[in-house]
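Structural description and commentary
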Amino acid sequence: MSLQLHGAVGRGAFHRDASLSVNDGDVLAITGPNGSGKSTILHTIAGLVSLLHGTLKCNDDIWDAPANQMFIQSEKRSCAVVFQDVRLFPHMNVISNVAYGLRAHGVNKQQAHAQSLEALSQVGLHSFEFRAPHELSGGEQQRVALARALVLKPQVLLLDEPFAAIDTGSRIALRRLMPEVLATFPGVTVLVSHDPADVESLANSHLAL
Amino acid sequence: MSLTESFRQRTAPQLRVGSRFRALPKSARWSLGALLIAACYLTPYWPDVPVLGWIVNTPGTSFENVLTDQIMMFILVALGLNVVVGFAGLLDLGYVGFYAVGAYTTAVMTSGQFSWPWIAAMPLSILMAMIAGVVLGTPTLRLRGDYLAIVTLGFGEIIRITANNSDWLGGPRGINKIARPPSFGPFEFSVLNAKPYWYLGFTVILIVIFVLSRLENSRVGRAWSAVREDEDAAELMGVNTFKFKLWAFAIGAAIGGLAGALYASKVGFVNPDNFQLQLSILFLAAVVLGGTGSMYGVIMGGILVAWIPERFRGFSTRRYFVFGVVLVLVMVFRPQGIIPRRTAAAGIAEKGDTNV
């Protein structure tokens, strides 16, 4: 089981060739200077941007292949993203944020609640259930975002510079948590970072742009 | 803290009418609600009440007609536009187009050419507006922000210009002799008596409020708010954002069409000048003024936008000056609108609320 992307990605005037292949349980780190296309690759995998040419495959499912007019919409891809700027829903409390994806997939209220609590305890935040996002520190918010991604049990987990926008104080707890979480995550992980230390501690393969 | 902000906090305390109301025991809430609804049904008689009468009366125009032709329509339209702008966060600057589709459908079906009864034309008007919403939404809802606003702006104008240039729709002269709703019991719908229109219209408003509040707290409503707050995140979490945006457009349009159908039968004639761009802007002003996303807010906004210019008709052309002053005051003191959206004002679901 794996994720494979071979082809060219681009957005607006920007485009570049890209080729990557990651197996289940592995973590691929993508590094590179600003403007090298790290985020564009991630957004292409997530389906927010489409491939220019080539193919994107998850296991045996083709997610994006412009030559064959194939494009699976984001919401149908088994793929979750943790954004650099967190992006929790500001109008929902913590538990609602985590449960939202499950509810959108038609999971009933009780099950969604139970699974979300489980995901929250996985990131050490189960007592934060009823807090509002703005009452949390940056690091705590990002842990909620991680729980929100994990609860969907995606085949592909995308981390877009998850430590970048977090204040130094709360970054430590997140840094400590991340390897534990990734070690138990069964699917493919793609991490975008520009910090060599993250690549060292989290990834087992590395793509430098 | 900026000067306006400190000023705002000192001068505009949160009245918390909503949370105080919810804190009351159930029996008190029901009786207060019933009393309020009864008082609203009796609105046509308000000008006869001392003090209240002086406040609400509209010099130079019949209050009854202002109530039915302006206030009632603005409340309905604000509720419908709020689904699009407030719930789903899509900026629609051509909402008058749906209102016109509803009005013209009723006009065409009930006057000369087809002579349907009003009661049959009504559902068709809603359906036609809904179809117009889907037809406009399907190609355009992939656009975001400013682009969507521009396309919808164009749509409103297209409807008006089409009506203006189509002989079948009466051209610039429009269509007259539009059927009235059937009389029931002592209530006879006629030119001289606007009260039954208010009773009918207010009942429709109550039904719309009921349906929309159910919808707001359903899966659809939660998808709308997720799309509004962060479309990409919503999509990545499995929300078919396009589908729900299209639903918002269709439901919003349906309510606009309903308002148009009521308007056409009340006034008895329609022509393209009734559906100018300016009206779209006033509809949007009603929503923003009242509180985008808050149903009771947009009702208040609709009432004020419709009523203020009529109340101050004595000021002649300067009445829009009063209107402008009110708009600016609301923007300064209550930037979220007169009655802000509950979550924006009060934060997040409280402990014990298991609504996930």
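Residues numbered from 1 in each chain as written. Chains lettered and ligands numbered in written order. Predicted model: local features only at pLDDT ≥ 70, side-chain atom pairs only at ≥ 80, totals over all residues. Heavy atoms only, no water.

1. Section: the sheet that holds strand β9 (residues 188–192) of chain A
The strands making up a sheet associate through hydrogen bonds between their backbones, and the pairing can be parallel or antiparallel. Residue and element names in this part refer to chain A. Taken together, 5 strands build an open sheet; the order of strands is β7-β8-β9-β3-β10 and the sheet is parallel. The two strands at the open ends of the sheet, each matched to only one other strand, are β7 (79–82) and β10 (205–208). On average, adjacent strands in this sheet sit at an angle of 15° to one another, irrespective of strand direction. Note: strand β8 (residues 156–160) against β9, 5 bridges, orientation parallel. Paired with V156 across the bridge in β9 is V188. Lying on the sheet, helix α1 (residues 38–46) is in contact with β3 (27–31), β7, β8 and β9; it crosses β8 at an angle near 150°. (Pairing = 2+ DSSP bridges. Helix = DSSP H or I, 4+ residues; strand = E, 2+ residues; numbered from the N terminus. Axes fitted to C-alpha atoms, helices over the stretch in contact; angles between N-to-C directions. Contact = heavy atoms within 4.5 Å.)

2. Overview of the packing of helix α2 (residues 94–104) of chain A against helix α4 (residues 138–150) of chain A
All names here are of chain A. At a closest axis distance of 7 Å, the pairing of α2 and α4 adopts a crossing angle of 30°. In terms of orientation, α2 lies roughly parallel with respect to α4. Of the two elements, α2 crosses α4, and the hand of that crossing is right-handed. Here α2 contributes V94, N97 and V98 to the contact with α4, which in turn contributes V144, A147 and R148. For the contact of α2 with α4, a count of residues per class yields 4 nonpolar, 1 polar and 1 charged. (Parallel < 35°, antiparallel > 145°, perpendicular 65-115°, else oblique. Left-handed = near helix turned anticlockwise from the far one by under 90°. Nonpolar A, V, L, I, M, F, W, Y, C, P; charged D, E, K, R; others polar.)

3. Structural notes on the side chain of Q142 of chain A
Relative to the helices and strands, Q142 of chain A is located in helix α4. With residues up to four places along the chain from it excluded, the contact list for Q142 of chain A reads V82, F83, Q84, V86, P162, I166 and L174 of chain A.

4. Considerations on the nonpolar core
Core analysis: the largest hydrophobic core is formed by 131 residues, its most contacted members being L3, I45 and V190 of chain A together with L79 and Y99 of chain B. In terms of residue count, the dominant contributor to this core is helix α5 (residues 63–87) of chain B (17 residues). Other than its neighbours up to four places away in sequence, I45 of chain A contacts L3, L5, L56, W63, R77, C79, V156, L158 and V190 of chain A. L88, L136, L174 and V181 of chain A belong to the second largest nonpolar core, which has 41 residues in total. (Core = buried A, V, L, I, M, F, W, Y, C linked by side-chain atoms within 4.5 Å. Buried < 20%, exposed > 50% of the residue type's maximum accessible area, 1.4 Å probe, protein only.)

5. Describing the interface of chain B and chain A
In this assembly, 27 residues from chain B lie in contact with 29 residues from chain A. Across the chain B/chain A interface, buried area totals approximately 2600 Å², and carbon plus sulfur atoms make up 63% of it. For the pair chain B and chain A, the number of links is 2 salt bridges. The partner of D232 of chain B in a salt bridge is R87 of chain A, with the nearest N and O atoms 3.5 Å apart. Counting across the chain B and chain A interface gives 5 residue pairs in polar contact (both at pLDDT 80 or more). Contributing elements (two or more residues each) for the side of chain B that touches chain A: α10 (219–229) and α11 (231–236) of chain B. It is α10 of chain B that provides the largest number of residues to the side of chain B that touches chain A, a total of 7 residues. Taken together, the residues of the side of chain B that touches chain A break down into 10 nonpolar, 7 polar and 10 charged. (Buried area = accessible area lost by both parts, 1.4 Å probe. Salt bridge = Lys/Arg side-chain N within 4 Å of Asp/Glu carboxyl O. Polar contact = N/O pair within 3.5 Å; in protein donor to acceptor, adjacent residues only side chain to side chain.)

6. Section: the packing of aromatic side chains
Evaluated as defined, the whole model comprises 17 aromatic pairs over all chains. Considering the side-chain rings of Y99 of chain B and Y263 of chain B, the 5.7 Å spacing of their centres and the 40° angle between planes classify their relative orientation as tilted. One end of the pair, Y99 of chain B, is in helix α6 (residues 96–110); the other, Y263 of chain B, is in helix α12 (residues 241–267), and 164 residues separate them in sequence. Judged by its relative accessible area of 3%, Y99 of chain B falls in the buried class. Following the ring pairs from residue to residue traces out a cluster consisting of F74, Y95, F98, Y99, Y104, F155, F249, Y263, F275 and F283 of chain B. Across the ring face of F89 of chain A, the terminal group of R148 of chain A is positioned such that the distance to the ring centre comes to 5.4 Å. Sitting over the face of the ring of F312 of chain B, R311 of chain B holds its NZ or CZ atom 5.7 Å from the ring centroid. (Phe/Tyr/Trp six-rings, centres within 6.5 Å; stacked < 30°, edge-to-face > 60°. Lys NZ or Arg CZ within 6 Å of the ring centre and 35° of its normal.)

7. Some details on the UniProt feature "transmembrane region" (unreviewed entry) in chain B
All names here are of chain B. Under the UniProt annotation, the feature "transmembrane region" (unreviewed entry) is placed at residues 30–47, 71–104, 116–136, 197–215, 246–265, 277–308 and 320–339. Regarding residues 71–104, the helix share stands at 76% and the strand share at 0%, and the terminal C-alpha atoms are separated by 20 Å. Annotated as residues 277–308, this span is 88% helix and 0% strand, and its ends, taken at the C-alpha atoms, are 20 Å apart. (UniProt positions renumbered as here; feature names shortened; annotations may be inferred.)

8. So, the pairing of β8 of chain A
Looking along a regular strand, one sees the side chains alternate between the two faces of the sheet. Residue and element names in this part refer to chain A. Most of β8 sits out of view: 5 of its 5 residues are buried. Here β8 shows two buried faces, one formed by V156, L158 and D160 and the other by L157 and L159. Pairing of β7 with β8 involves 4 bridges; the strand directions are parallel. Looking across to β8, one finds that C79 is bridged to V156. In this fold, the crossover linking β8 to β9 by way of helix α5 (residues 168–184) has right-handed handedness. (Right-handed = clockwise from strand over helix to strand, strands pointing away.)

9. Looking at the sheet that holds strand β2 (residues 14–23) of chain A
Residues and elements named next belong to chain A. On the basis of which strands lie adjacent, the open sheet formed by 5 strands has the order β2-β1-β4-β5-β6 and antiparallel pairing. Each having just a single partner strand, β2 and β6 (70–71) make up the two edges of the open sheet. Pairing analysis gives 10 bridges linking strand β1 (residues 2–11) to β2, with the strands arranged antiparallel. For G10, the partnering residue across the bridge sits in β2 and is H15. Lying over the sheet, α1 contacts β1, β2, β4 (53–58) and β5 (61–65), oriented at roughly 120° with respect to β1.

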